[in-house]
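Architecture and fold: a report
So you can see what is in the structure, the chains are spelled out below.
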Amino acid sequence: MRSFSNTYIFVFSLVLVTIVAVLLSFVSMKLKPIQEMNIRIERKQDVLRSVGKAEKADEVSDKNSYINEEFGKYITDSYVVNFRGEKVDADAFEVMLALNTEIRKPQEERNYPVFVYSENGGAKKYVVPVRGKGLWGPIWGYIALEADLNTIYGAVFDHQGETPGLGAEISTAWFQKPFAGKTLFDDNGTFVSIEVVKGGADPSNPHQVDAISGGTITSKALEAMVKNCLAGYEAYFKEIATN
Amino acid sequence: MSKEKEPLFSAKNLKLLSEPLGQSNPITVQVLGICSALAVTVKLKPSIVMALSVAVVLAVSNVVISLLRKMIPPRIRIIVQLVVIAFMVILVDQVLKAYAYEVSKQLSVFVGLIITNCIIMGRLEAFAMGNRPWPAFLDGLGNAAGYGVILIIVAFFRELLGSGTILDMKVIPQSFYDAGYVNNGMMILPPMALVVVGIIIWVQRSRRKNLIED
């Protein structure tokens, strides 16, 4: 084995690391726009899925333009509101992309994005994103509300790494379907959110859905996420609903 | 350099490709890279992408280390190998995020964890440090193929029995489900991957008696 001087070792490492760093930064710079676009498309698709649109996303050959087209067609308006229900000058999409940092702020200081859906000038539906922490990692979702801003029209949830077959079931239809038709406010107009009930929800109770057997922590985390994220919209929801 | 004119696909070189598929398979014989074999084999598609990613990382790292082998000071060789592997892994990860976003989400951290895949460091240390670039390239491809084949076999059975699909296409007819057949939820969990790998090892060793240790 040849021996190398210490100087050689230092110079060799320095050169190697510099080359690697330069190459990687170059690649990262080149690919960044494409990667960010992927994330935007995914968010748009999620918003559309909560109102039952973009169902052909996996069949079309050019998914990106399909999603962009659908999003442009159905999402007619979007804005950001604050805790007091006032509109804030900000882009709803950008706020949604950074929602994970937004929900760490106190409820009163957060910005709340709203996406308005309407098909052929029909009744409006309002889509709001929710974010939270599951058992193993982040969970998130999108909740679409009817024009009364009380009844849930549809909900989609997803997760990064919940337990397959247990917590991961939050991304399946059997779990999400029962959310439709449930209401967020009780008869007195008090915000009660949706309760995820272990051992079977009472079907006549408008604020309950079934939890997942064996997925209690994820179910509870989801309940907390929905409550935490929707509570801040209360002022806004009431204002719109009374108008 | 004794033989300068060795043909590109000499018997010796071909052996570098074929041996890891069978009698020196990295997963079933050397029992390396098990972690990722358990984690990504729920569905076929991510497994194929994972196998390809490992092939790119392993083949290129092998060639780079082989080219540098006379320049790398032995005292820091492990660090140099790691830098090269990490470079390739980050590259693959970035490309997947840009061009195969869905799959990169399914693979999540496991692309990054290719860095810790023992097969790669093992081949760099055992082969690339002492051989010329072309054999090192073949060795890398061979071992990646040996790894990939097992991944794909495991994923095939797990997806078929666990989800009733192959490459996300339904293969088990609806009439089976109507007749009471249910997908085996156990197959989606990592322990069953270990069982499938175990069965493959069992089959392989009962056919090749020379692999059996006493």
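Within each chain, residue numbers correspond to sequence positions counted from 1 in written order. For this description, chains carry letters from A and ligands carry numbers from 1, given in the order in which they are written. Reporting of local features is limited, given that this is a predicted model, to residues whose pLDDT is at least 70; pairs of side-chain atoms are given and counted only at 80 or more, and all residues count toward the totals for whole chains, interfaces and linings. The basis for the side-chain values is all heavy atoms of the structure; hydrogens and waters are excluded.

**Topic: the overall build of chain A**
The test is simple: In DSSP terms, a helix is any run of H or I states spanning at least four residues, a strand is any run of E spanning at least two, and both are numbered starting from the N terminus. Radius of gyration here uses only the C-alpha atoms, and the compact-globule reference equals 2.2 Å multiplied by the residue count raised to the power 0.38. Partly exposed residues are those whose accessible area sits between 20% and 50% of the maximum for their type, while under 20% is buried and over 50% is exposed, using a 1.4 Å probe and protein chains only. Note on contacts: a residue pair is in contact if any heavy atoms of the two residues lie within 4.5 Å. Per-residue and other accessible areas were derived by the Shrake-Rupley procedure at a 1.4 Å probe size, with only the shown protein chains allowed to occlude residues. For this count, His and the chain ends are skipped, Lys and Arg are scored as positive, and Asp and Glu as negative. Positions of charges follow a simple convention, taking NZ of Lys, CZ of Arg, CG of Asp or CD of Glu.
Counting its secondary structure elements, chain A contains seven helices and eight strands. Radius of gyration (C-alpha) of chain A: 22 Å, far over the 18 Å computed for a compact globule of 243 residues. Along the first, second and third principal axes, the C-alpha set of chain A runs to 85 × 40 × 40 Å. Each of the 243 residues in chain A was classed as buried or not, and the buried ones make up 46%. Long-range contacts, defined here as pairs at least 24 residues apart, represent 54% of the contacts in chain A between residues at least 6 apart. Counting only carbon and sulfur atoms, one obtains 54% of the accessible surface of chain A, whose full area is about 12400 Å². Of the charged side chains in chain A, 26 are positive and 31 negative; the average position of the first set lies 6 Å away from that of the second.

**Quick notes on the confidence of the model for chain A**
Rule in force here: Think of pLDDT as the predictor's per-residue confidence, scored from 0 to 100.
Mean pLDDT over chain A: 87, with 98% of residues reaching 70 or higher. Within chain A, helix 7 (residues 234-242) of chain A has the poorest average pLDDT of any element, 80, and helix 1 (residues 6-50) of chain A the best, 93.

**Examining the side chain of Asp46 of chain A**
Residue and element names in this part refer to chain A. Summarising the element assignment, Asp46 is placed in helix 1. By relative accessible area, which is 7% here, Asp46 ends up buried. If sequence neighbours within four positions are ignored, Asp46 has contacts with Trp140, Tyr142 and Val156.

**Things to note about the interface of chain A and chain B**
Note the threshold: What counts as buried area is the accessible surface, traced by a 1.4 Å probe, that two parts surrender upon association, with contributions from both included. For this analysis, a salt bridge means a side-chain nitrogen from Lys or Arg found within 4 Å of a carboxyl oxygen belonging to Asp or Glu. Each polar contact in these results corresponds to two N or O atoms within 3.5 Å; when the atoms are within protein, one needs to be able to donate a hydrogen and the other to accept it, and residues that are neighboring in sequence are counted only if both atoms are side-chain atoms.
Each partner contributes residues to the interface: chain A has 22 residues there, and chain B has 23 residues. Surface buried jointly by chain A and chain B totals about 2100 Å² across both partners, of which 73% is contributed by carbon and sulfur atoms. On the chain A side of the contact with chain B, Phe12, Leu24 and Gln35 of chain A bury the most area, a combined 23% of that side's loss. Joining chain A to chain B, the criterion identifies two salt bridges. Measuring nitrogen to oxygen at the nearest pair gives 2.4 Å for the salt bridge that ties Lys105 of chain B to Glu42 of chain A. Counting across the interface, chain A meets chain B through seven residue pairs in polar contact (both at pLDDT 80 or more). For the side of chain A that touches chain B, the element with the highest residue contribution is helix 1 of chain A, accounting for 17 residues.

**Description of the pattern of salt bridges**
On inspection of all chains with the given rule, the structure shows 16 salt bridges over all chains. Lys238 of chain A is the salt-bridge partner of Glu234 of chain A, the closest N and O atoms lying 3.1 Å from each other. Here Lys238 of chain A and Glu234 of chain A lie together in helix 7, a separation of four residues that amounts to about one turn. Residue Glu102 of chain B is joined to Lys105 of chain B by a salt bridge in which the shortest nitrogen-to-oxygen separation is 4.0 Å. With a gap of three residues between them, Glu102 of chain B and Lys105 of chain B both fall in helix 5 (residues 101-107), about one helical turn apart. Judged by relative accessible area, which is 37%, Glu102 of chain B ranks as partly exposed. The exposure class of Lys105 of chain B is partly exposed, given its relative accessible area of 34%. Bridged by salt links that share partners, the residues Glu42, Arg43 and Lys63 of chain A together with Glu102 and Lys105 of chain B form one connected network.

**Quick notes on the pairing of strand 5 (residues 138-145) of chain A**
If a strand is regular, its side chains alternate between the two faces of the sheet. Residue and element names in this part refer to chain A. Heads up, the rule is: Criterion used throughout: strands pair if DSSP finds at least two bridges between them.
With seven of eight residues buried, strand 5 lies mostly within the body of the structure. Sheet topology note: the strand 4 (residues 125-133)/strand 5 ladder contains eight bridges and is antiparallel. Looking across to strand 5, one finds that Gly132 is bridged to Ile139. Here strand 4 folds back onto strand 5, and the loop between the two strands holds four residues. As judged from the seven bridges shared by strand 5 and strand 6 (residues 152-159), these two strands associate in the antiparallel manner. Bridge pairing in strand 6 links Ala144 to Gly154. Count of turn residues in the strand 5/strand 6 antiparallel hairpin: six residues, of which Leu149 carries a positive phi of about 55°.

**Comments concerning the sheet that holds strand 1 (residues 75-81) of chain A**
Residue and element names in this part refer to chain A. Defined as follows: Here, axes are lines fitted to C-alpha atoms. For helices the fit covers the stretch in contact, and angles between N-to-C directions go from 0 to 180 degrees.
In spatial order, the strands read 2-1-3-4-5-6; together these six strands make up an open sheet with antiparallel pairing. Only two strands of the sheet have a single neighbouring strand rather than two, namely strand 2 (87-88) and strand 6. Sheet topology places strand 3 (residues 112-117) next to strand 4; three bridges connect them, and they run antiparallel. Of the residues in strand 4, the one forming a bridge with Val116 is Tyr126. Of the strands in this sheet, strand 1 and strand 3 are in contact with helix 2 (residues 63-74), which crosses strand 1 at around 75°.

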